[in-house]
Amino acid sequence: MRLLHGHSRTRPLLRRAALTGAALLAVTAAAPQASAATAAADRGPSGGGLSAVIRYTENGIPHILAQDYAHLGFGTGWAQAADQVCVLADGFVTVAGERSRWFGAGAAPDGSLSSATGNLSSDLYFKGVREAGTVERLLAMPAPAGPSRDLRELMRGWAAGYNAWLAQNKITDPACKGAGWVRPVTTLDVASRGFAVSVLGGQGRAVDDIAAARPPAGAAAGGGAVARTGPAAGTDPAAAAEAARAFFDTSRYDMGSNAVAFSGPTTANGRGLLLGNPHYPWKGGRRFWQSQQTIPGELNVSGGSLLGTAVVNIGFNEKVAWSHTVATGTPVNLHQLTLDPADPTTYLVDGAPERMTQRTVSVQVAGGAPVTRTQWWTRYGPVITGLGPGLPLPWTATTAYALNDPNAANLRGSDTALAMGRARSVAGIQDALKRTQGLPWVNTIAADSAGGTLFTQSQVLPRITDDLAARCSTPLGRATYPASGLAVLDGARGDCALGSDPDAVQPGVFGPAAAPTLRDAPYAENSNDSAWLANADRPLTGYERIWGSAGAPRSLRTRGAVEDVAAMAAKGRLTVADLQRQQFANRVPAGDLAAADAARACAALPGGAATASDGRTVDVSAACPVLAGWDRTADTGSRGALLFDRFWRRLTAGTAAKDLWLVPFSAADPVHTPRTLNRAAPGIGRALADTVAELTAAGIAPDAPLGEHQFVVRGGQRLPVPGGTEALGVWNKVEAPWNTAAGGYPEVVHGSSHIQAVGWDGSRCPVARTLLTYGQSSDPASPHYADQTRLFSQERWVTSRFCERDILTSPQLKVVRPHERR
């Protein structure tokens, strides 16, 4: 990081410095199709260039001070580039549809901006979006349907700041040092990245199937083989229902989260408390990045931003704090098309023919000729060939399927974040959500300094009511909707259109009045299950199925979280320190439910032996006392945690819930059922034998401390990692692929990320502790590449510096004054 005129300043001088800057650096490489409005947005103000003051405190956290939104965006873009230039540049290659040009068609993206399995399908999709002018049209829409003026200025400034950093600094990160694909960007590029985030749960999850869709061979409008065969109408309904349920199962995503808000009556001082624990990837373009953004008298917010965004997505200010969790609402639906017998690229609506729209896209490929493909779009959205490998949706001579994703018309997510950053209470958070309606796939949990709490599932969902699904579902939809909330509607009927709510800012979606919402409960918690048990004493019901399930089994993480936070609320007198203890309690709910019975079942095995999957007889007797003596936590020093983890994964993967538990699920007691391990379940012995054999082959003792085999390596140093997997139900979730040769779990792929524990003490300064588990920078040479990872390993926190006096008294204060140059 290059420091320009960097040294400590007094507050008045810092304030004046933020109001000055050098001349505007012209934004280059504008897309050929950029509209006049976009081009004008990329030009600087007539009075001069953009600048900001950035004060860095401990762990490289920047506090960005600026005079207005354009200057604030400039400082944010500069600071993000300083920490994450290679990751950001890679993402801009993605949304430009140029991955195949630079990295080859056969390579794979990092998965941060879509689920594309290869660069070619990623490029075909994103270049198609670019050439269709989709994002430009959204940028041109007036607020609230389109971006506000403040957000436009932030994005313009972000692009200018990123470009200025590129022009004034040398890249040292080996991931992109000297790379030709690192280029200046435009406002359109920044907005396109926001669009990609918006459709992550919809079109972004179907990129391969959008790119693969072809008319049947011999079709009047073009040839090509059918991508998949076997009519969906012939799919077994139970199999289709399970495939849809699995596809939209939030526990299988590489994103998740926990969050809890506590109300005034449960806390020591009558003010609210918030603990946010999002689970996101540890590498790639979906990482968080910390900052504080300040425009005096206008905005003062601190928290985590998704890379490439100009706003704080999860954070706090003087009066309110909020976090998000991935929601269970199904953000898309399908329309089953009845095709013209004479032309499978024409579909019928109320008997009238409509031709599909062709998008012919050419993608440059490194070392080869350009690849050209045609995509097919309808009034409902793109034609797709399936949703995941388990739910094929083949395009036949009579039938095709179109994907409706309302978030493809939603560029409002950053406006929602900006409005939340300006809120002064949970009522203000709720108002921000109602006005902007920009969250595509998350819930919101918030607390404020007056003691209020909020849970709301205010996300953008297609307006699928249970009544509409009952009237208009095809046979496939009648199987998938109850199981997963995925509606498959009859696209041949005009009366099956989605309609509009009067309080919705775009047609075809639910208005905010329909969102499951809970205000001022003693606690409001979510761990990626539906809204039903945000508070177990005040269950939310009555919402349409598309929002999520009710009266159905909860995940072990939800069950453990509700147990923990309900006990905390009942205890009362809570403080921020209690939130910190909850984050690193590392309790294993699966262990509390099953470890003792597993140990008894182990001890009862004849001769202390069990038969493994390969037929071998394995002595498992050494595992029995380890399971019995385990402390039921996933602390790095816990002996038995690794043994139980490997055993439990195997047991639950191979044993149905009905065979695993003696007490089945009861909707009357959802937190405590199912329970009581069936010690006679035939899978127990096999799972024990396989686990002991695996650990023995790896040279790992059954009682080895977890941290010796769950770790990351940073700068040549092995850092033990606390926490546990989704299957164990641990609040402090970490997911790591097993690698026997590397000694166990040698790298975390996703899990706890930007953690914040926030309260208030009556002063203007929030009481906040934060932790960015993977650090601010992805450059291995940066001092902030692994500093917070070491803190995470030690279960330590960063004390947030929010007020000016705290920022200016930081012993590690560094001041940077970036500005544009001509």
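Residues numbered from 1 in each chain as written. Predicted model: local features only at pLDDT ≥ 70, side-chain atom pairs only at ≥ 80, totals over all residues. Heavy atoms only, no water.

Some remarks on the pairing of strand S13 (residues 368-377)
Put simply, the rule reads: Think of it this way: DSSP has to see at least two bridges between two strands before they count as a pair. For helices the rule is a DSSP run of H or I covering at least 4 residues; for strands it is a run of E covering at least 2, with both sets numbered from the N terminus onward.
For strand S12 (residues 357-365) and S13, the ladder comprises eight bridges, and the chain directions are antiparallel. Bridge assignment links Val361 to a residue of S13, and that residue is Arg373. The antiparallel hairpin formed by S12 and S13 contains two residues in its connecting segment, where Gly367 sits at a positive phi of about 70°.

A look at the nonpolar core
As a rule of thumb, soluble globular proteins bury nonpolar side chains together. Let me state the cut-off plainly: We define a nonpolar core as any set of buried Ala, Val, Leu, Ile, Met, Phe, Trp, Tyr and Cys residues linked to one another through side-chain atoms lying within 4.5 Å. Note on exposure labels: buried denotes an accessible area under 20% of the residue type's maximum, exposed denotes more than 50%, and partly exposed covers the range between, all computed with a 1.4 Å probe on protein chains only.
The biggest cluster of nonpolar side chains holds 175 residues, and the ones touching the most others in it are Tyr162, Phe262 and Leu387. Formed by 45 residues, the second largest nonpolar core is a distinct cluster that contains Val588, Cys602, Leu605 and Leu695.

Some remarks on the state of the cysteines
Cysteine pairs can be linked by a disulfide, which is a covalent bond between their two sulfur atoms. Keep this limit in mind: A pair of sulfur atoms, both from cysteines and within 2.5 Å, is called a disulfide here.
This structure, assessed with the given rule, holds four disulfides. Here Cys86 pairs with Cys176 through a disulfide, and the sulfurs are 2.0 Å apart. Judged by the torsion about the S-S bond (-75°), the Cys86/Cys176 disulfide is left-handed. Taken as a pair, Cys86 in helix H3 (residues 69-95) and Cys176 in the loop between helix H7 (149-168) and helix H8 (187-198) lie far apart in primary sequence, 90 residues in all. The pair Cys86 / Cys176 is uniform in exposure class, with both members buried. Put simply, Cys765 and Cys803 are joined by a disulfide, and their sulfur atoms are 2.0 Å apart. Its S-S torsion of about -120° marks the bond between Cys765 and Cys803 as left-handed, since a negative value means left-handed. With Cys765 in the loop between strand S29 (754-759) and strand S30 (767-772) and Cys803 in the loop between strand S31 (798-799) and helix H23 (804-808), this residue pair connects regions lying 38 residues apart in the sequence. Here the cysteine-cysteine linkages of the protein are recorded as 1-2, 3-4, 5-6, 7-8, numbering only bonded cysteines and doing so in sequence order.

A short note on empty space enclosed by the protein
As a reminder of what qualifies: Put plainly, a pocket is an open set of points on a 1 Å grid over the protein atoms alone with protein on both sides within 12 Å along at least five of seven lines, a cavity is a set where a 1.4 Å probe fits but cannot get out, and a lining residue has an atom within 4 Å of a point. Grid points are joined across faces, edges and corners, and a volume is the space filled by probe spheres set on the points. Gly counts as polar in this scheme, as do all residues outside two lists: the nonpolar Ala, Val, Leu, Ile, Met, Phe, Trp, Tyr, Cys and Pro, and the charged Asp, Glu, Lys and Arg.
Considering all chains together, one arrives at nine cavities of 30 Å³ or more under this definition. Of the pockets and cavities examined, the largest cavity occupies roughly 390 Å³. Contributing elements (two or more residues each) for the lining of the largest cavity: H7, H8 and helix H11 (413-422). Per element, the largest residue contribution to the lining of the largest cavity is five residues, and it comes from H8. By residue class, the composition of the lining of the largest cavity is 17 nonpolar, nine polar and one charged. Reported here for the second largest cavity is a volume of approximately 120 Å³. If you list the elements that add at least two residues to the lining of the second largest cavity, you get strand S2 (61-65), strand S5 (288-295), strand S6 (299-306), S29 and S31. Per-class residue counts for the lining of the second largest cavity are three nonpolar, eleven polar and two charged.

Observations regarding the layout of surface pockets
What the largest pocket holds in volume is close to 1400 Å³. Lining the largest pocket are 43 residues, with Arg245, Asp249, Ser251, Arg554 and Ser555 sitting closest to its centre. Secondary-structure elements contributing two or more residues to the lining of the largest pocket are helix H14 (475-484), helix H15 (556-571), helix H19 (641-654), helix H20 (657-660) and strand S23 (661-663). A per-class count over the lining of the largest pocket returns 16 nonpolar, 14 polar and 13 charged.

Structural notes on unusual backbone geometry
In this chain, Ala143 is followed by Pro144 through a cis amide linkage whose omega measures 5°. Residue Pro674 is reached from Thr673 by a cis peptide bond, and omega for that bond is -5°. Within the secondary structure, Pro674 is located in the loop between S23 and strand S24 (675-677). The backbone of Asp350 sits at a positive phi, close to 50°, despite the residue not being glycine.

Digging into the environment of Ser527
Convention followed: Residue contacts are defined here by distance: any two heavy atoms, one from each residue, within 4.5 Å place the two residues in contact. Pairs of N or O atoms are called polar contacts if they sit within 3.5 Å, as long as, within protein, a hydrogen donor faces a hydrogen acceptor (for residues adjacent in sequence, only side-chain-to-side-chain pairs).
Residue position: Ser527 is located in the loop between strand S20 (523-526) and H15. Residue class for Ser527 comes out buried when judged on its relative accessible area of 2%. Along the primary structure Ser527 and Val562 are separated by 35 residues, whereas in three dimensions their C-alpha atoms are 8.9 Å apart. The residues contacting Ser527, other than those within four sequence positions of it, are Ser257, Asn258, Ser555, Arg557, Thr558 and Ala561. Among the polar contacts listed, one links the side chain of Ser527 to the side chain of Asn258, at a separation of 2.7 Å.

Some thoughts on the environment of Thr325
Considering the arrangement of structural elements, one finds Thr325 in strand S8 (residues 320-326). For Thr325, a relative accessible area of 0% translates into the label buried. For the pair Thr325 and Val749, spaced 424 residues apart in sequence, the C-alpha to C-alpha distance is 18 Å. In this view, Thr325 contacts Ser257, Asn258, Ala259, Trp441, Val442, Asn443, Ile445, Asn526 and Asn528; residues no more than four positions away in its chain are not counted. At 2.7 Å, the side chain of Thr325 and the side chain of Asn526 are in polar contact.

Overview of the packing of H7 against H8
What counts here: Axis definition: a line fitted to C-alpha atoms, limited for helices to the stretch in contact. Angles are taken between N-to-C directions and run from 0 to 180 degrees. In this scheme, roughly parallel covers angles under 35 degrees and roughly antiparallel covers those over 145, while 65 to 115 is roughly perpendicular and the rest are oblique. By definition, turning the near helix anticlockwise from the far helix through less than a right angle yields a left-handed crossing, and turning it clockwise yields a right-handed one.
The interhelical angle for the contact between H7 and H8, taken along N-to-C directions, is 115°, at an axis separation of 8 Å. Between H7 and H8, the crossing angle belongs to the class labelled roughly perpendicular. Handedness of the crossing formed by H7 with H8: right-handed. Of the residues in H8, those touching H7 at Met155, Arg156, Trp158 and Ala159 are Thr187, Val190 and Ala191.

Read these as geometric descriptors, not functional statements.
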